[in-house]
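Read off the chains here:
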Amino acid sequence: MIEQRIADPVATVTVTIDGAPVTMPETATLLEASRAAGADVPTLCYLETLTPFNSCRLCVVEVAGSRTLVPSCSRMVEEGMEVQTDSDRVQHTRRMVYELLDSTVDLSLVDDETTRQMERYGVRTNRFGDGYRRTEAVKIEDDLYVRDYEKCIMCYRCVAACGPDAQNTFAIDVAGRGLTSTIATEYDITLPDSACVYCGNCVGVCPTGALMFTSEYRMRESGDWDEDRQTVTTTICTFCGVGCNLELHVQDNRIVKVTSPMDHEVTSGHLCIKGRFGYAHIQSESP
Amino acid sequence: MFGAGGGTSSYEEIETTDLIILWGSNARSAHPIFFHHLLKGVRNGAKMYAVDPRRTESAQWADTWLGIDVGSDIALANAVAREIINAGLANTEFIEHSTSGFDDFAEFVEPYTLERAEEISGVPASAIRALAHDYATAETAQLCWTLGITEHHNATDNVVALINLALLTGHVGRYGSGLVPIRGQNNVQGGGDMGALPNKLPGFQNVADDELRGKFEKAYGMTIPSEPGWHVTQMFDAMERAELSAMYVIGENPAQSEADSGRTIELLEGLDHLVVQDIFLTKTAAMADVVFPAASGWAESEGTFTSSERRVQRVRRALDPPGSAKDDLAILFEFANAMGHEWGTADAEDVWDELRSLSPMHAGMSYERLEAMGGIQWPCPDIGHPGTKFLHAWLWEDPMPREPAPFSLVEWVPPVDPLDEDYPIRLTTGRRLDAYNTGVQSSGYRSPIYAGAVIDMTPEQAADLGASEGDVVRITSRRGSVEAPVRFTNGLRRGLVFMAIHSPDDLDVNTLTLDAWDPKSGTAEFKATAVRIETT
């Protein structure tokens, strides 16, 4: 009499990645198939926990019969697809994308993986000179976040995390058009006046350091931020009974940043204001 | 429920369920990451009802909000049950197979007509009927609640009234259907798991059961009293009768967290001896004869917490505690050693392994597996067991391996603190998004969304009182009086005001609340205070 909802069996399809056949569930993307086949495909706007937005075009691959390159992060596998993940055309496009970003945006704080890919593709620094470069003063409007849009690549991750993919608060979105488009609150009011609830999930997904916790920003400004001296310990949040995993980044016996593991099913990397910032009570200076 | 004190479902189940009922819970603010899972369910097409006196941030996501009057939950639940039965929507196959006492229950709820429930609860009969029909006909449904159900003098009856609905419809013991109490504190589930209840040994084993108690006595080499102890509200009553004269408080701040704080402080002051173990010199600690400075449990100690989905997860030490502070386990070990026992040196994993040898539901949860699997949901009886996503699958087994689950007959009674001409306004209390309990832990950072120590009311209510936003008003209950500035919110209505519990130093809400408590669970009626409000 036990009633159980049993998932429908998922059909598989076979695609060819760089000449070798790979069999994947029909729900897989070309990115997943490529990585399953061992291909080294760069991504920047893509994040496992968010809906693909296809803004950066770094994960593009060449599919036989397709006029244009396709973003592998969002294109689903189809039976018989023949895919080239690193053809001359793909390499040329990726190099160009990196060079355009590098010429307009401050990429000094991107992760090691992006730095490695830029070297791999022989990116020429500031190739397009000073044709256009994002210039904007750093926004410091409260004690918790800093927004430095000179580092923003318009990847949309923060908008997705604030919106339908996680927090559903919708405090920010893309404003403006073309080169001068930017991420903004409604009417560009300050963050404390906006709908923002300070969960920090936008900061948690930002790939370039455009969004940063104030604690990290201040330490970077004073030259004290040193990841080599930091430990990361996973523990459980003390506020409420949901059981969110916290990664405590500790430097010199002080918590300097709180994140959550993307691959843990309770949080998918997302937290609330208390989990993100509530640690201050255990390192207050006054007794 | 049915012998195991834990929520029946996993968070993931709410993401694919067909119907969500959030009853007495503002999870959007109080349990934000659980609400992320709930929102996935809403986005996947689940219909959602919210039952709450306030139209909270959570209720704003519901298809239908039932704006119930404070303390009328049982009348509403019984009317939902009656409607399901009379409309012929009860799951008769499940009721016959898996439950007992249905005929008596059906007769008992018969007087709870939709019209009577509307009169008591203020919720339109049509909305109650819609909830009843949707709940009964949904393929899967999650019925979730928090302190809006349990912080009442009849807390246990409130919970039982909700369980009846699940028994009536078969919405329990299946993937996607369950009863989901979301825990307010990080490890209140774990505290219960570990036997920090007056009548239970670890693993919810009854202290009165000679065989079970004997197992612990043998392992501990001690005699354990067979009589249940006291829960905290009974302890304070025992102090009043001078039957309890010493207290050892670990990680609690009863001087500010208990209802009717005037009485609480008087009783604590009357103790012969008070020991407090805490990470701060709280108001309670300041009254203590001895204070043990503790390390924080979540960042400066090793151990485990158990979450609302019964998931046991590892807590790890990321920081060295300041000064002479030690973790709770080390303090307890040294305390025992100083009392002449030989407990040796504290080691969290050793203690956990001892627990696993005594509590069958934890037996398969080695530290190694907890680490590798990102936590395990109990019960997990052996080292090869994957843990349990949802409880009570046995209800659907044929033949039934246990006694059927009984319907319970619970009558609605009004809140203890009645509204009258002198105290015409209902005050209810709760949490805000950026703060936690008495604020001891959450006041350390500067929240840009801090609301202040205010009283929330609608502009209409304020106009009735002749007050504007920001004006300081005096709030008086039958026990005490406080002053607070008015803040406008539109989730309330005339006759209903709200205060958060987070800033007792600025605004001690619990001088107003009463200590009427539920004899079965020991929770006090924080949610329903009668007040009058005057301009100053």
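Residues numbered from 1 in each chain as written. Chains lettered and ligands numbered in written order. Predicted model: local features only at pLDDT ≥ 70, side-chain atom pairs only at ≥ 80, totals over all residues.

Asker: I'd like a description of the overall build of chain B, backed by residues and values.
Answerer: Helix and strand content of chain B: 20 helices and 21 strands. On C-alpha atoms alone, chain B measures out to a radius of gyration of 24 Å, which is about the 24 Å that the 2.2 N^0.38 rule sets for 536 residues. Its C-alpha atoms put chain B at 65 × 65 × 45 Å along the principal axes. Among the 536 residues that make up chain B, the fraction classed as buried is 52%. In chain B, 69% of the contacts between residues at least 6 apart in sequence involve partners at least 24 apart. (Helix = DSSP H or I, 4+ residues; strand = E, 2+ residues; numbered from the N terminus. Rg over C-alpha atoms; globule rule 2.2 N^0.38 Å. Buried ≥ 20, exposed ≤ 12 C-beta atoms within 10 Å, placed from the backbone. Contact = placed C-beta atoms within 7 Å.)

Asker: Outline the overall build of chain A, listing residues and values.
Answerer: From N to C terminus, chain A includes seven helices and 12 strands. Out of the 287 residues belonging to chain A, those deemed buried represent 41%. Intrachain contacts of chain A at a sequence separation of at least 6 include 56% that bridge at least 24 residues.

Asker: So, the sheet that holds strand β9 (residues 246–250) of chain B: which residues are in play, and what are the values?
Answerer: Think of a sheet as strands paired side by side through backbone hydrogen bonds, with each pair either parallel or antiparallel. All names here are of chain B. Taken in spatial order, the three strands line up as β9-β10-β11 in an open sheet, and their pairing is parallel. Sheet topology places β9 and β11 (290–293) at the edges, where each strand pairs with a single neighbour. Within the sheet, the average angular offset between the axes of one strand and its neighbour, ignoring direction, is 10°. The pairing of β9 with strand β10 (residues 273–278) spans five bridges and is classified as parallel. Opposite I250, over in β10, you have Q277 as the bridge partner. (Pairing = 2+ DSSP bridges. Axes fitted to C-alpha atoms, helices over the stretch in contact; angles between N-to-C directions.)

Asker: Explain the interface of chain B and chain A to me, and be specific about the residues and the numbers.
Answerer: Each partner contributes to the interface: chain B provides 53 residues, whereas chain A provides 47 residues. Mapped by element, the contributors of at least two residues to the side of chain B that touches chain A are α1 (11–14), α3 (32–43), α11 (188–193) and β13 (311–315) of chain B. Looking at which element gives the most residues to the side of chain B that touches chain A, the answer is α3(B), with six residues. Partitioned by chemical class, the residues of the side of chain B that touches chain A number 23 nonpolar, 18 polar and 12 charged. (Nonpolar A, V, L, I, M, F, W, Y, C, P; charged D, E, K, R; others polar.)

Asker: Got a sec to walk through the confidence of the model for chain B? Specific residues and values, please.
Answerer: Overall, the predicted model of chain B reaches an average pLDDT of 92, with 97% of residues at or above 70. Predicted complex metrics record ipTM = 0.93 and pTM = 0.93. (pLDDT = per-residue confidence, 0-100.)

Asker: Before we move on, can you summarise the nonpolar core with the specific residues and values?
Answerer: Residues and elements named next belong to chain B. With 201 residues, the main nonpolar core has I21, V80 and L162 as its most contacted residues. In contact with I21, not counting residues within four places along its chain, are Y49, V51, Y135, A141, L143 and C144. Counting six residues, the second largest nonpolar core, distinct from the first, contains V312, M361, W378 and C380. (Core = buried A, V, L, I, M, F, W, Y, C linked by C-beta atoms within 7 Å.)

Asker: Describe the pairing of strand β2 (residues 20–25) of chain A, listing the residues and the values that go with them.
Answerer: Where a strand is regular, its side chains alternate between the two sheet faces. Residue and element names in this part refer to chain A. Of the pairings in the sheet, the one linking strand β1 (residues 12–17) to β2 comprises six bridges and is antiparallel in character. Bridged to T16 within β2 is P21. Following β1, the chain reverses through two residues before pairing antiparallel with β2; D18 in that reversal takes a positive phi of roughly 50°.

Asker: Please give an account of the sheet that holds strand β12 (residues 254–259) of chain A that cites residues and values.
Answerer: Residue and element names in this part refer to chain A. Reading across the sheet, the three strands line up as β10-β11-β12 and stay open at both edges, with antiparallel pairing between neighbours. In this open sheet, the two strands that pair with only one neighbour each are β10 (230–236) and β12. With direction set aside, neighbouring strand axes in the sheet form an average angle of 30°.

Asker: Talk me through helix α4 (residues 73–86) of chain B; I want residue IDs and the actual numbers.
Answerer: All names here are of chain B. If you check α4, its first and last C-alpha atoms are 20 Å apart, about what 14 residues at 1.5 Å a residue would give, namely 20 Å. Taken across its 14 residues, α4 has 13 buried, putting it largely inside the fold. Phi for G88, located one or two positions after α4, is positive at around 75°. (Expected span 1.5 Å × (residues − 1).)

Asker: I'd like a description of the domain arrangement of chain A, backed by residues and values.
Answerer: Residues and elements named next belong to chain A. Each assigned domain of chain A is listed here: domain 1 (10–133) and domain 2 (145–281). Opposite the 18 residues of domain 1 that make contact, domain 2 presents 19 residues. Of the residues that constitute the side of domain 1 that touches domain 2, the class distribution is 12 nonpolar, three polar and three charged. (Domains from an automatic or database assignment.)

Asker: Got a sec to walk through the packing of α4(B) against helix α7 (residues 114–121) of chain B? Specific residues and values, please.
Answerer: All names here are of chain B. Remark: α4 packs on α7, axes separated minimally by 9 Å, with the N-to-C direction vectors making an angle of 165°. Accordingly, the angle class assigned to the pair α4 and α7 is roughly antiparallel. Remark: the crossing between α4 and α7 carries left-handed chirality. Mapping the contact onto sequence places A75, L76, A79 and E83 in α4 and L114, A117, I120 and S121 in α7. When the residues that make up the contact of α4 with α7 are grouped by side-chain class, the tally is six nonpolar, one polar and one charged. (Parallel < 35°, antiparallel > 145°, perpendicular 65-115°, else oblique. Left-handed = near helix turned anticlockwise from the far one by under 90°.)

Asker: Before we move on, can you summarise the environment of T56(B) with the specific residues and values?
Answerer: With respect to the element layout, T56(B) can be found in the loop between β2 (47–51) and β3 (64–66). Non-local contacts of T56(B), meaning those with residues more than four positions away in its chain, are made with N26(B), R28(B) and G491(B).

Asker: Tell me about the domain arrangement of chain B, residues and numbers included.
Answerer: All names here are of chain B. The assigned domain composition of chain B is domain 1 (11–181), domain 2 (188–306 + 314–374) and domain 3 (425–535). If you average the C-alpha positions of domain 2 and of domain 3, the two centres end up 31 Å apart. Domain 2 puts 15 residues into the contact, and the matching count from domain 3 is 16 residues. Secondary structure elements with two or more residues in the side of domain 2 that touches domain 3: α13 (232–240), α14 (254–257) and α15 (261–269). Per-class residue counts for the side of domain 2 that touches domain 3 are three nonpolar, nine polar and three charged.

Asker: Kindly report on the pairing of strand β20 (residues 496–500) of chain B, identifying the contributing residues and their values.
Answerer: All names here are of chain B. Taken across its five residues, β20 has five buried, putting it largely inside the fold. Bridge analysis of strand β16 (residues 425–430) against β20 gives five bridges, and the strand direction is parallel. Paired with T428 across the two strands is F498, which belongs to β20.

Asker: Quick one: what's the story with the environment of K274(A), residue by residue and with numbers?
Answerer: Residue and element names in this part refer to chain A. Relative to the helices and strands, K274 is located in helix α7 (residues 273–277). For K274, a count of 26 C-beta atoms within 10 Å translates into the label buried. Spatially, the C-alpha atoms of K274 and F239 are 6.8 Å apart, while their sequence positions differ by 35 residues.

Asker: Provide a residue-level description of unusual backbone geometry, including the pertinent values.
Answerer: Cis peptide bonds are those with omega within 30 degrees of zero, and the linkage from W378(B) to P379(B) qualifies with 0°. Mapped onto the fold, P379(B) is located in the loop between β14 (376–377) and β15 (405–406). Backbone geometry places R57(A), a non-glycine residue, at a positive phi of 65°. Here R57(A) shows up in the loop between α1 (30–36) and β3 (60–63). R57(A) sits in the partly exposed class, given 17 other C-beta atoms within 10 Å. For Y156(A), which is not glycine, the phi dihedral falls at a positive 80°. By the secondary structure assignment, Y156(A) is in the loop between β6 (145–147) and α4 (157–162).

Asker: Go over helix α8 (residues 125–137) of chain B, please, and point to the residues and values.
Answerer: Residue and element names in this part refer to chain B. For α8, which comprises 13 residues, the first-to-last C-alpha distance of 18 Å matches the rise-based estimate of 18 Å (1.5 Å per residue) to within 8%. Regarding α8, the residues found buried are A127, I128, L131, A132, Y135 and A136. Looking down the long axis of α8, one finds its buried residues gathered within 160° of arc, a one-sided arrangement. (Arc of directions from axis to C-beta.)

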